[in-house]
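Residue-level structure breakdown
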Amino acid sequence: MGTDFAQYVVDPSVEARKNEITYTMSAFSDTVVYTDLQAYALKLQELILMEAGTNPAAIDMGIGVRNYLFEFLDDITLSELSRITNEQQKKFLPSPLVKEIEFRNSGRKGERNIVHIFVYLNEYDANYSNNYFAIGVGTDASKTSKVFSQIYM
């Protein structure tokens, strides 16, 4: 008997808590599996980097931060990015853990295409001493449109 996909419902609050399996090899010759806050940070990083329209099942999913990195990153653009990201997070990765997401300019001279995304948390566990984590996103110094991203916990 086949599955009736018309009746299939995905609970986004459960989706946001799944483990994230990577292709990175660990010291034990198996893949690294991130859980809890690290897995959530990876999913949020993917949402921020993803272009809208990439996922055919959710056309409006994705922030496409790459498109903003080549603009003048003033306070208006950064607050707009924060607004869009908070909306996307609530829609596609809802979690009571996240309090607010804020974009900030690097502030360093010569780093105009780099932003830091601070994800403020409502709570944290004993293994994690801060009430936030950050994601750094930017372009390299060359004339290419490659985007690099790093999570800081």
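Residues numbered from 1 in each chain as written. Predicted model: local features only at pLDDT ≥ 70, side-chain atom pairs only at ≥ 80, totals over all residues. Heavy atoms only, no water.

Let's talk about the sheet that holds strand E6 (residues 147–152)
The sheet built from four strands is open, its strands ordered E3-E4-E5-E6 with antiparallel pairing. Where the open sheet ends on each side, the last strands, each with one partner, are strand E3 (98–105) and E6. Mean inter-strand twist for the sheet, computed between neighbouring axes without regard to direction, equals 15°. With seven bridges joining them, E3 and strand E4 (residues 114–121) adopt antiparallel strand pairing. Following the sheet pairing, Glu102 is matched in E4 by Phe118. Across the sheet, helix H2 (residues 36–49) touches E3, E4, strand E5 (132–139) and E6, and the angle it forms with E5 is around 35°. Sheet strands touched by helix H4 (residues 75–92): E3 and E4. Its angle to E3, the strand with the most contacts, is close to 150°. (Pairing = 2+ DSSP bridges. Helix = DSSP H or I, 4+ residues; strand = E, 2+ residues; numbered from the N terminus. Axes fitted to C-alpha atoms, helices over the stretch in contact; angles between N-to-C directions. Contact = heavy atoms within 4.5 Å.)

Thoughts on H2
Here H2 contains 14 residues, and its C-alpha end-to-end distance of 20 Å stays within 8% of the 20 Å for a straight helix at 1.5 Å per residue. Buried within H2 we find Leu37, Ala39, Tyr40, Ala41, Leu42, Lys43, Leu44, Gln45, Leu47 and Ile48. (Expected span 1.5 Å × (residues − 1). Buried < 20%, exposed > 50% of the residue type's maximum accessible area, 1.4 Å probe, protein only.)

Let's talk about the pairing of E5
The buried fraction of E5 is high, at seven of eight residues. In this structure, E4 lies alongside E5, joined through seven bridges in antiparallel fashion. Along E5, the bridge assignment pairs Phe118 with Ala134. With six bridges joining them, E5 and E6 adopt antiparallel strand pairing. Considered in E6, the bridge of Gly136 is made with Gln150.

Here's the deal with the packing of aromatic side chains
Counted under the stated rule, the structure contains three aromatic pairs. Centroid distance Phe118 to Tyr120: 6.3 Å. Interplanar angle 15°. Geometry classified as stacked. Tyr120 shares its class with Phe118; the two are buried. Both rings, one in Phe118 and one in Tyr132, keep their centres 5.8 Å apart while their planes meet at 50°; by these two values the pair is tilted. In this pair, Phe118 sits in strand E4 while Tyr132 sits in strand E5, placing the two residues 14 residues apart along the sequence. Phe118 gets classed as buried once you look at its relative accessible area, which sits at 17%. The residue whose ring lies beneath Arg104 is Phe118, and the NZ or CZ to ring-centre distance is 4.3 Å. (Phe/Tyr/Trp six-rings, centres within 6.5 Å; stacked < 30°, edge-to-face > 60°. Lys NZ or Arg CZ within 6 Å of the ring centre and 35° of its normal.)

These figures capture arrangement, not role.
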